[in-house]
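Inside the fold
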Amino acid sequence: MSEMIVYRNAAQKFGCGEKYTNLTVLNFVGPGGVKVSAYSCNMNIDLDGEPQAYGSRSKPGVRPLDSLMDAGWLSEAQNAARLEQFKAAKAALQALEKKKLERDAKAKSAPISTETAHPDAAGTILEKQIADATKALKAAAGYWHDEPEKRPVNFGKKFWHWYGLIALTPAEALARSHLEMVGDKKILRKPVIDMASAFEDVYGRFPVVQSAYEPGPDYFVSALPIRVNPFFPDWDQRSYLPVGATTQIPNAALSIPLENVTGLRLNDKVFAIRLDTGKSLAFPFLDHGYKAKVGECSIGAFVGLDGVVAERVNASKNDFVLLYLAFANSAGDTPQAKLVKLASAVNAEDFPILLSFIADATLQATTASKTSTVTVGGDPIRNFEKWKKSGSTTYPSSYAVISESLSNAGFNPQAQRVLRKHPSLLGGAGPWLKIPDRD
């Protein structure tokens, strides 16, 4: 029995970097339970896992690709400003609490009367002020816990923590080790941390520095949520690179909100098509993001799609628009294999057309926008169904490049129809194709 491709909009809208908002993600399910989610935007460069992503610029020869602020760090001046905010919030709360104590003491010593038996308006206002001040203090602290003994070691002193790189406390660094074979000798290695006071976070952790054996000596270890190479510990940069590699493979970041509405997981594959050239590339999700964002990819993916990296990576020209096809349950598989299965659907010809309505929504919004932020409107499903009902033979502007890219990757509905009718082409029993008689 032939299967169809069914589709529906994801329950949430997404953004891409600072460029796009209100992006539609369309979820498809096809033959064999193939699941693919499609969205269209530019590419926001993510440097997590890159050996030269982070480091201290005070070290000779260290020129990190990214700012430490993208790994959670606050400079000493920024931290000092947050400290002043915390002190001010703390003083404001203490003043209100003192005022309440004085009111309570006065009320206790005053004779009880009908008027004082119930809270007065001023008392109610004071209680609300204390509640608001407590809330403001918790926000200013950033790492609040109602039980003081459970607060971080640098609570009230530091107002940031490391993420995106490996950071350890001195005790943690001392407790870890790795026996490594270097030539014909075994060397016991321990993580080295940069203990500059400015690099200590709220948890008392310092960034781990790459050794001479790693691809970015003196740079900090830039991490991913999962290790790629199990032969090295998580504090060694090589654990986030393929075996024998010194550079990161093309990959993408999977945001938790996208994961929630699509069923995608780390190591699933995404197939990206550049709409202006037709260049395509497949790569896995290796990193996690936490905001409702899509299109966050590694520098390797950017370069693999002919992006040109500027001296300041974040200033690279990334305004080209892509169509992304993210395949759930594709770890250990390829997008090409999934596309072959989708091509066997009875309505497979609709697939590239519907994808082109997704892409055109982004392209048209980009062209029409007069601001740096592009809000993408429209409903690709409704636009597709309206087009189909009209009987139009004029395809969306991105159809040709999408159709060709999918075909090059194995999506060929006509070939699948022939195979369904004549399975003998792949071996086995007929019905056999009949060779035409010669005249």
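Anyway, here's the lowdown on the structure attached to this text.

Points about the overall build of the protein
A count of helical and extended segments in the protein gives 10 helices and 17 strands. For a compact globule of 439 residues, the expected C-alpha radius of gyration is about 22 Å, and the protein comes in at 29 Å, more than 25% above that figure. Seen through its C-alpha atoms, the protein measures out along the principal axes to roughly 120 × 75 × 45 Å. Taken across its 439 residues, the protein has 45% of its residues classed as buried. A separation threshold of at least 6 residues defines the contact pool for the protein, and within that pool the share at least 24 residues apart is 66%.

Some details on helix 7 (residues 350-368)
Over its 19 residues, helix 7 runs 27 Å from end to end, which matches the ideal 27 Å to within 8%, given 1.5 Å per residue. With 14 of 19 residues buried, helix 7 is to be regarded as a mostly interior element.

Points about the layout of surface pockets
Looking at the largest pocket, its volume works out to about 1100 Å³. Along its surface, the largest pocket is lined by 35 residues, and N44, D46, D48, D70 and E296 are the ones closest to its centre. Of all elements in the fold, only strand 6 (44-46), strand 12 (252-255) and strand 14 (280-289) reach the threshold of two or more residues within the lining of the largest pocket. Here the residues of the lining of the largest pocket are counted per class, giving 15 nonpolar, 10 polar and 10 charged.

Comments concerning the nonpolar core
Core analysis: the largest hydrophobic core is formed by 83 residues, its most contacted members being L325, F351, L355 and L406. Element by element, the count of residues in this core is highest for helix 7, at nine residues. If near-sequence neighbours (up to four positions away) are discounted, L325 is found in contact with V36, S37, A38, K269, V270, F271, L339, L355 and L406. Counting residues in each nonpolar core, the second largest holds 14 residues, with L126, Y143, F155 and F159 among its members.

Considering the side chain of D360
Here D360 is to be found in helix 7. Here D360 occupies a buried position and makes no salt bridge, while the nearest side chain of opposite charge, K386, is found at 14 Å. A distance of 2.9 Å separates a polar side-chain atom of D360 from the backbone nitrogen of S397. If we skip the residues at most four places from it in the chain, D360 touches P396, S397 and S398.

Criteria and thresholds
Residues numbered from 1 in each chain as written. Predicted model: local features only at pLDDT ≥ 70, side-chain atom pairs only at ≥ 80, totals over all residues. Heavy atoms only, no water. Helix = DSSP H or I, 4+ residues; strand = E, 2+ residues; numbered from the N terminus. Rg over C-alpha atoms; globule rule 2.2 N^0.38 Å. Buried < 20%, exposed > 50% of the residue type's maximum accessible area, 1.4 Å probe, protein only. Contact = heavy atoms within 4.5 Å. Expected span 1.5 Å × (residues − 1). 1 Å grid on protein atoms, 1.4 Å probe; cavity = no way out; pocket = protein on both sides within 12 Å on 5 of 7 lines; lining within 4 Å. Points joined across faces, edges and corners; volume = space filled by probe spheres on them. Nonpolar A, V, L, I, M, F, W, Y, C, P; charged D, E, K, R; others polar. Core = buried A, V, L, I, M, F, W, Y, C linked by side-chain atoms within 4.5 Å. Lys, Arg positive; Asp, Glu negative; His and termini not counted. Salt bridge = Lys/Arg side-chain N within 4 Å of Asp/Glu carboxyl O. Polar contact = N/O pair within 3.5 Å; in protein donor to acceptor, adjacent residues only side chain to side chain.

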